[in-house]
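Fold and contact review
Spelled out from the first residue to the last, the chains are:
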Amino acid sequence: MRHQSRRRFLAATGTAVTAGLAGCATSLASDGEFDVGMTAVAFTPPTVTVEVGDTVVWKNTSSRGHTVTAYESLIPDDAAFFASGGYEDEQTARKAYSNSLGGLIDSGETYSYTFDVPGEYEYLCIPHEQAGMVGTVVVEG
């Protein structure tokens, strides 16, 4: 009898903890403050889906500096290039980062961009691209 009570208690506690943690995993980006978080070497979530006209907000939730830079060749043909720092193309954004950390988003800061053309947009963090810090915005429309 004693073992059954203990098992019931552990099962109930485990379920409550799991449910609580599941909420934490999704609340980071869905709390209304931002859409995509930036951890040490990842965008979280790596893919976000929005509607035409929606604004995506990225927030640096880590202690490292990051950029948000579109892969110029991996955005829709009719879409404008986007990058933290306001650069007009990928080469300029990369050069600005290399020369003076241009486009860097410090810890706790945000960057936002409004998507007006439907399609798939691939983007990266310049300093952490080699570590796999890339993301996708899917714009439905």
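Basis of the calculations
Residues numbered from 1 in each chain as written. Predicted model: local features only at pLDDT ≥ 70, side-chain atom pairs only at ≥ 80, totals over all residues. Heavy atoms only, no water. Helix = DSSP H or I, 4+ residues; strand = E, 2+ residues; numbered from the N terminus. Contact = heavy atoms within 4.5 Å. Pairing = 2+ DSSP bridges. Phe/Tyr/Trp six-rings, centres within 6.5 Å; stacked < 30°, edge-to-face > 60°. Buried < 20%, exposed > 50% of the residue type's maximum accessible area, 1.4 Å probe, protein only.

**Re the environment of Val-138**
- Within the fold, Val-138 resides in strand E8 (residues 134-140).
- Separated by 23 residues in sequence, Val-138 and Phe-115 place their C-alpha atoms 9.5 Å apart.
- Apart from the residues within four sequence positions on either side, Val-138 is in contact with Thr-47, Val-48, Thr-49, Val-50, Gly-119 and Glu-120.

**Observations concerning the sheet that holds strand E7 (residues 119-124)**
- Reading across from one edge, E3-E8-E7-E5 is the order of the four strands in this open sheet, with mixed pairing throughout. Edge positions in the open sheet fall to strand E3 (47-51) and strand E5 (69-70), since each of these has one partner strand only.

**Quick notes on unusual backbone geometry**
- Here the bond from Thr-44 into Pro-45 is cis, since omega is 0 degrees, no more than 30 degrees from zero.
- Structurally, Pro-45 can be placed in the loop between strand E2 (43-44) and E3.
- Of note in the backbone geometry, Leu-101 takes a positive phi value of approximately 60 degrees without being a glycine.

**A word on the packing of aromatic side chains**
- Scanning the model with the defined rule gives 10 aromatic pairs in all.
- The interplanar angle of 65 degrees and the centroid separation of 4.7 Å between the aromatic rings of Phe-43 and Tyr-123 together place this pair among those described as edge-to-face. Taken together, the residues span a long stretch of sequence, with Phe-43 in strand E2 and Tyr-123 in strand E7 at a distance of 80 residues.
- Of the residues examined, Tyr-123 reaches a relative accessible area of 0% and is grouped as buried.
- Judged by centre distance (4.8 Å) and plane angle (80 degrees), the ring pair of Tyr-113 and Phe-115 falls under edge-to-face.
- Assessed through its relative accessible area of 18%, Tyr-113 is described here as buried.
- On the accessibility criterion, Phe-115 (0% relative accessible area) is buried.
- Three or more aromatic residues joined by ring pairs make a cluster, and in this case those are Phe-43, Trp-58, Phe-82, Tyr-111, Tyr-113, Phe-115, Tyr-121 and Tyr-123.

Everything listed is a geometric property; what it means functionally is a separate question.
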